[in-house]
Amino acid sequence: MYRLATDLRLSGWVLNTPAGVLLEVEGSPERVQDFQTALKDQKPVNCVFYSSEATVLDPLGYASFEIRESLTGKKSAVVLPDLATCAACRTELFDPANRRFRYPFINCTHCGPRFSIIESLPYDRSNTSMKRFEMCPVCRSEYEDPQDRRFHAQPNACPVCGPWLELWRQDGSKAAERDEALLQAVRAVGEGQILALKGIGGFQLIVDARNDRAVLRLRELKDREEKPFALMYPSLERAESDCVVSRLEQELLRSPAAPIVLLTAKSAAISRLVAPGNPYLGVMLPYSPLHHLVLADLDLPVVATSGNAKDEPICADEHEAHERLKRYADLFLVHNRPVVRPVDDSVVRVLMGREAVMRRARGYAPLPVVLQAGGPAVLGVGALLKNTVALSVGHQVFISQHLGDLETPEARNGFEEAIAALEHLYETRPTSVACDAHPDYESTRYAEAAALPVTQVQHHFAHVLSCMAENDLNAPALGVSWDGTGYGLDGTVWGGEFLEIYETSFVRLAHFETFRLPGSDRAVREPRRSALGLLHCVFGNEAFEMTELEAVASFSAAERALLRAAVTKGINSPLTSSAGRLFDGVAALAGLRQISTYEGQAAMELEFACHGFESDESYPIGVDEHAGGDAKRPILIDWKPLVKQVLADTKSCVPAGVIAVRFHNALAEAIVGVAKRAGQSRVVLSGGCFQNRYLTERAITRLVQEGFRPYWHQRIPPNDGGISLGQVAAVLKARESGAPQSRARSAAERAE
Ligand code: ZN
Ligand code: ZN
Ligand code: FE
């Protein structure tokens, strides 16, 4: 790496860490790109990159390239993510002359399961779920031969000695085993049946993606009306005939992580019911030998969705899966290699020409994020939805795989198991715990009960810190933290926040003007409630009579009377500054959606509406008034002129796409406006709203035009999957600078 970097006249550094090689190279984007390509093409024959993650950072002006002193730590503490089947194994898999021809558990040191089969360290076969399989003499000689591709490949196996498949019927009886099980399973999927397939990190439900009836049946059984399903294509070529695939997207699809990549759909030859009303398709390629075999035999795209009941985590054990999934699946293709921890498929999309991870699980977890601050171990327990947990070991933070929403007993078990597993794997007991400030989150309760010092980290502060951590960015900065909900520090629900970030504290510099959320949590599923809240803020009680609007008319007269009473008395109608709810409300006012069938649907549809409506036009939005006219209080983002304009445009039948673009552009202008007032050159974009590609790209572009330096998420999800990292970062930072704990400072303190 040193030679390559100096040959390309790049500056920076490289060092060894207990989790692998870490390096920074600095130079023109073209030469940095050349370096990345050369790294792959020119590596020594015996050198293997198992996996890698890259982040684009600010240039620091390194004078030269140097080899730095290694970070110390337990050398054994390297846990790799699960790696997609390599090209060599793929060739053997389909070679009739090979002894592993059609063997669904083929792997080598370059590929195969890792994180999902490790029980403890060091990573030896005896510490994996492969320990129950005794290697046959041929496999053993491969395993012991330093010249062999399977030298110390812990999951090494073959048809003689390794795991095998079984096909189970709905009643749990065995229908077939080994290759016959696979052939029968493939036939059943071809005939429109629902197959539960035990993959790498757990079960997936598989159906023929072209078969309307099969997809509809899966939707009905899973009680999942419109939330898009992920697809698996037999090959890149087949995916390209249905979707637009850029170079980077190709690389992501074929990477060892093999995530689900959100691609723009062309005229896809698949059922409309896969992703109704969605211009994107979530696409992945086969990543395990079993998937390669199934997809090659089927030769058609399949829906491949996590094998779980609604709101429950993914099933990993075949007996448990049979119990929990027999209502959903006709057949179960299972095997006897245990999954030690459930790991979902990861989801990525391309933002500003870079990879951005939306769900971080298989292929990425548990690669660490390295922080500048270190010290005794800290556990971050995350928030509630899309949760992850994180554990620091020295300067490294290990972030768990995506665990899902902590709303069912199964999910809470999974959460506790994930914490225990991280502590066990890294033989590290945390000395303190960081949690959300929300008292009713299950994660907060866990932290409070842990008999360790607890630090509550405000939700939106944690979002910004997670983004700063992965961008290796120090305070001060302006954090733009926008999401659906987070526990505020003033009794309101926060979610549209501008935070000035200092070393160990923050100031709430600005936020969206608050509005009532009639029915509180019910508003998440009913965007029309957010619309009513916005209207009430603008027009007072007149809002409940504006039945010319679909959002209002969709309530009965009796409901409107109840809502009016609730809102005026403030009963179950909290005040919120949520940007997510503002999206919902505008989507409802523009007539796009009154009731959502899954979290975030209305906001996503508002984003989708922008497709094909390029424009710089923007609605008016105010960023000048301080709350109560008091310069020591936060600036209020006044969205009222925007809402009035949305109503006027809707009334005069302006297309929803035009409204959507003007709305998104207005939000980007609000960011630029506050950034100008904050006087911080660095602007950090975090929170679930920045999963929205249009919003994120527009905000970045406008910030750059105005001379600011925007930062956004790349390796870590912008949604609540990043909260645990932000919590850990808050505690480590505070401890390093001797502050009692990270805290909010009042705007008054700032003014002083
Ligand atoms: Zn391989
Ligand atoms: Zn063998
Ligand atoms: Fe959040």
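Residues numbered from 1 in each chain as written. Chains lettered and ligands numbered in written order. Predicted model: local features only at pLDDT ≥ 70, side-chain atom pairs only at ≥ 80, totals over all residues. Heavy atoms only, no water.

Undergrad: Hey, could you go over the environment of Ala421 for me, with residue numbers and the actual values?
TA: Mapped onto the elements, Ala421 comes out in helix α11 (residues 409-425). Here the alpha-carbon distance between Ala421 and Ser271, two residues 150 residues apart in the chain, equals 40 Å. (Helix = DSSP H or I, 4+ residues; strand = E, 2+ residues; numbered from the N terminus.)

Undergrad: Go over the confidence of the model for the protein, please, and point to the residues and values.
TA: Scored by pLDDT, the protein has a mean of 94; 97% of the residues are at 70 or more. Low confidence marks residues 747-752, where pLDDT is under 50. Its contacts with residues over four positions away, or in another chain, come to 11 contacts. (pLDDT = per-residue confidence, 0-100. Contact = heavy atoms within 4.5 Å.)

Undergrad: Provide a residue-level description of the coordination of the zinc ion (ligand 1), including the pertinent values.
TA: Taken together, Cys86 (SG), Cys89 (SG), Cys108 (SG) and Cys111 (SG) make up the protein donors of the zinc ion (ligand 1), found 2.3 Å from the metal. Mapped onto the sequence, the residues coordinating the zinc ion (ligand 1) show the spacing C-x2-C-x18-C-x2-C. In this pair, Cys86 is assigned in the loop between β3 (65-67) and α3 (87-93) and Cys108 in the loop between α3 and α4 (137-144), connecting sequence segments 22 residues apart. (Donors = N, O, S within 2.8 Å, 3.2 Å for Na, K, Ca; no water.)

Undergrad: Can you break down helix α22 (residues 693-705) residue by residue, with the values?
TA: Under the 1.5 Å per step criterion, the end-to-end length of α22 is 18 Å for 13 residues, consistent within 8% with the ideal 18 Å. The set of residues buried in α22 consists of Tyr694, Leu695, Thr696, Arg698, Ala699, Ile700, Arg702 and Leu703. One side-chain oxygen of the residue at the start of α22 lies 3.0 Å from the amide nitrogen of Tyr694, identifying that residue as Asn692. Positive phi appears at Gly707, one or two residues downstream of α22, with a value of about 90°. (Expected span 1.5 Å × (residues − 1). Buried < 20%, exposed > 50% of the residue type's maximum accessible area, 1.4 Å probe, protein only. Polar contact = N/O pair within 3.5 Å; in protein donor to acceptor, adjacent residues only side chain to side chain.)

Undergrad: Outline the packing of helix α20 (residues 640-651) against helix α21 (residues 656-678), supporting the account with residue identities and numerical values.
TA: The geometry of α20 relative to α21 is characterised by a closest axis approach of 11 Å and an angle of 170° between their N-to-C directions. With respect to their mutual orientation, α20 and α21 come out roughly antiparallel. For the pair α20 and α21, the contacting residues are Leu642, Val646, Asp649 and Thr650 in the first and Ile659, Arg662, Phe663 and Ala666 in the second. The residue inventory of the contact of α20 with α21, partitioned by class, reads 5 nonpolar, 1 polar and 2 charged. (Axes fitted to C-alpha atoms, helices over the stretch in contact; angles between N-to-C directions. Parallel < 35°, antiparallel > 145°, perpendicular 65-115°, else oblique. Nonpolar A, V, L, I, M, F, W, Y, C, P; charged D, E, K, R; others polar.)

Undergrad: Which residues make up the nonpolar core, and what values go with them?
TA: Core analysis: the largest hydrophobic core is formed by 107 residues, its most contacted members being Leu195, Val294, Leu333, Met468 and Ile501. Within the second largest apolar cluster, 71 residues are counted, among which are Leu478, Phe515, Met546 and Tyr619. (Core = buried A, V, L, I, M, F, W, Y, C linked by side-chain atoms within 4.5 Å.)

Undergrad: Lay out the pattern of salt bridges in plain terms, naming residues and giving numbers.
TA: By the definition in use, this model includes 51 salt bridges. Close ionic contact of Arg140 with Glu144 constitutes a salt bridge, the shortest N to O distance being 3.2 Å. In this pair, Arg140 and Glu144 are both assigned in helix α4, 4 residues apart and thus about one turn of the helix distant. Owing to a relative accessible area of 32%, Arg140 belongs among the partly exposed residues under this scheme. For Glu144, a relative accessible area of 48% gives the class partly exposed. In this structure, Arg593 engages Glu605 in a salt bridge whose closest nitrogen and oxygen atoms are separated by 2.5 Å. In this pair, Arg593 sits in the loop between α18 (579-589) and α19 (601-609) while Glu605 sits in helix α19, placing the two residues 12 residues apart along the sequence. A network of salt bridges, in which partner residues are shared, links Glu166, Lys174, Glu177 and Arg178. (Salt bridge = Lys/Arg side-chain N within 4 Å of Asp/Glu carboxyl O.)

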